[in-house]
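# Breakdown of the fold
Below, each chain spelled out in residue letters.
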Number of protein chains: 2
Amino acid sequence: MKRAPSLTQHDVTVLAETFRLLGDPTRLRILLFCLPGPRSVGEIVENLELSQTLVSHHLRLLRGARLVRGERRSKQVFYEVADSHVSDMLIDMAFHIHEDHADD
Amino acid sequence: MKRAPSLTQHDVTVLAETFRLLGDPTRLRILLFCLPGPRSVGEIVENLELSQTLVSHHLRLLRGARLVRGERRSKQVFYEVADSHVSDMLIDMAFHIHEDHADD
DNA sequence: AAAACATATGAACACTTATTCATGTGTTCA
DNA sequence: TGAACACATGAATAAGTGTTCATATGTTTT
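The following refers to the structure shown. This is a predicted model, so every value here is computed, not measured. In every chain, residue numbers begin from 1 and rise along the written sequence. Throughout, the order in which chains and ligands are written sets their labels, letters from A for the former and numbers from 1 for the latter. Per-residue local features of the predicted model are confined to residues with pLDDT of at least 70, and side-chain atom pairs are confined, for both listing and counting, to 80 or more; whole-chain, interface and lining totals are unaffected and use all residues. Side-chain numbers come from the whole structure's heavy atoms, not from hydrogens or water.

## As for the sheet that holds strand 1 (residues 39-40) of chain B
All names here are of chain B. Where we set the bar: When DSSP finds at least two bridges between two strands, those strands are taken to pair. The numbering of helices and of strands both runs from the N terminus, where a helix is a DSSP run of H or I of at least 4 residues and a strand a run of E of at least 2.
Strand order in the open sheet formed by 3 strands is 1-3-2, and the pairing between neighbours is antiparallel. The sheet is open, and its two borders are formed by strand 1 and strand 2 (68-73), each paired with just one other strand. When strand 2 meets strand 3 (residues 76-81), the two strands line up antiparallel, connected through 6 bridges. Residue glycine 70 lies in a different strand from strand 3, and its bridge partner there is tyrosine 79.

Shown next, in the form of structure tokens:
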């Protein structure tokens, strides 16, 4: 029987904010696409078939929450998931959903 | 180096919807409060200092997504986290946030 | 320097959503 | 049966948010 650690008010706020950002399908797709490794904005745009401005806007939010990091390499900017904490979180959640076939 | 399972379009949608619901601080507090065991609506209202109608509205959304289950015992209705999948998810996330003190 | 390329930003709009107020439903007790 | 208790629901509103359009910034190439 696992138990959760007691969270401070601040912890809960941060946690909710993180969830909120993951709660948009477009942002989630962007994050999942960047999970295997750094992706340029252009790659994201082409692969996910989204407008460039939309991707930029979402990346800004994800950056603001330190969920992704962007690094410039000449003309392009490559984004990757910020740290192993975030990627572990995402992978765990992905497994949870994947295993859970108690569909509607 | 862990890898995420490949998710279907439907998986991503469900995952995003779940995150979206967890993304509201009030709902997240309610869920976390119900994590240790079944709580009556009244208990939630008192402990989290929220209005009764607000709690009911949020519980309805959480119920709709099968994140909580409600059981009536005479006058009161007790809510608990739906299954171990959800609670594991929450506990994992709680640990992730808790351990992550790379604050802003 | 200018043009071309890659990405970012700001304003505007449509749409969603959290909260409140008023009221409804179900259950127990007098 | 009626009153009291516990919870749910519907409408209304204020605030937030995703997307698009137009435009700006930064980098390379000619």
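## Brief notes about the protein's contact with DNA strand D
Put simply, the test is: Put simply, a residue is near a molecule or strand once any heavy atom of it comes within 4 Å of that molecule or strand. In the analysis that follows, any N or O atom pair within 3.5 Å is treated as a polar contact, provided that within protein one partner can donate a hydrogen and the other can accept it, and provided that, for residues neighboring in sequence, both atoms belong to side chains. Residues are grouped as follows: nonpolar covers Ala, Val, Leu, Ile, Met, Phe, Trp, Tyr, Cys and Pro; charged covers Asp, Glu, Lys and Arg; every other residue, Gly included, is treated as polar.
Around DNA strand D there are 25 residues in total, and Arg20, Arg27 and His58 of chain A together with Ser56 and Tyr79 of chain B lie nearest to it. Here arginine 27 of chain A contributes a side-chain N or O atom positioned 2.7 Å from a phosphate oxygen of DNA strand D. In this structure, glycine 42 of chain B approaches DNA strand D through a main-chain N or O atom, which is 2.9 Å from a phosphate oxygen. Counting only elements with at least two residues in the surface near DNA strand D, the list comes to helix 2 (25-33) and helix 4 (52-64) of chain A together with helix 3 (41-48), helix 4 (52-64) and strand 3 of chain B. By residue number, the principal contributor to the surface near DNA strand D is helix 4 of chain B, which donates 6 residues. For the surface near DNA strand D, the residue count by class is 4 nonpolar, 13 polar and 8 charged.

## Description of the protein's contact with DNA strand C
Residues in close proximity to DNA strand C total 26 residues, the closest being Arg60 and Tyr79 of chain A together with Arg20, Arg27 and His58 of chain B. Those atoms of DNA strand C that come within 4 Å of the protein belong to sugar or phosphate at a rate of 66%. Take glutamine 52 of chain A: an N or O atom from its side chain is 2.9 Å from a base nitrogen of DNA strand C. The separation between a base oxygen of DNA strand C and a polar side-chain atom of histidine 57 of chain A is 2.8 Å.

## Description of the environment of serine 40 of chain B
All names here are of chain B. So the rule is basically this: Relative accessibility decides the category of a residue: with a 1.4 Å probe and only protein chains considered, values under 20% of the type maximum give buried, values over 50% give exposed, and everything between is partly exposed. Residue contacts are defined here by distance: any two heavy atoms, one from each residue, within 4.5 Å place the two residues in contact.
Mapped onto the elements of the fold, serine 40 is located in strand 1. The exposure class of serine 40 is buried, given its relative accessible area of 3%. With 15 residues separating them along the chain, serine 40 and proline 25 place their C-alpha atoms 19 Å apart. Setting aside anything within four residues of it in sequence, one finds serine 40 in contact with Gln76, Val77 and Phe78.

## Observations regarding the packing of helix 1 (residues 9-22) of chain A against helix 2 (residues 25-34) of chain B
We count it as follows: Note on definitions: angles span 0 to 180 degrees between N-to-C directions of axes, and those axes are lines fitted to C-alpha atoms, for helices only across the stretch in contact. By definition, any crossing whose near helix is turned counterclockwise from its far helix by less than a right angle is left-handed, and any crossing with a clockwise turn is right-handed.
At their nearest, the axes of helix 1 of chain A and helix 2 of chain B sit 9 Å apart, and the two run at 115° to each other. Here the hand of the crossing between helix 1 of chain A and helix 2 of chain B comes out right-handed. Residues Val12, Leu15, Ala16 and Phe19 of chain A of helix 1 of chain A touch helix 2 of chain B, and the partners they reach there are Pro25, Leu28, Arg29 and Leu32 of chain B. Grouping the constituent residues of the contact of helix 1 of chain A with helix 2 of chain B by class yields 7 nonpolar, no polar and 1 charged.

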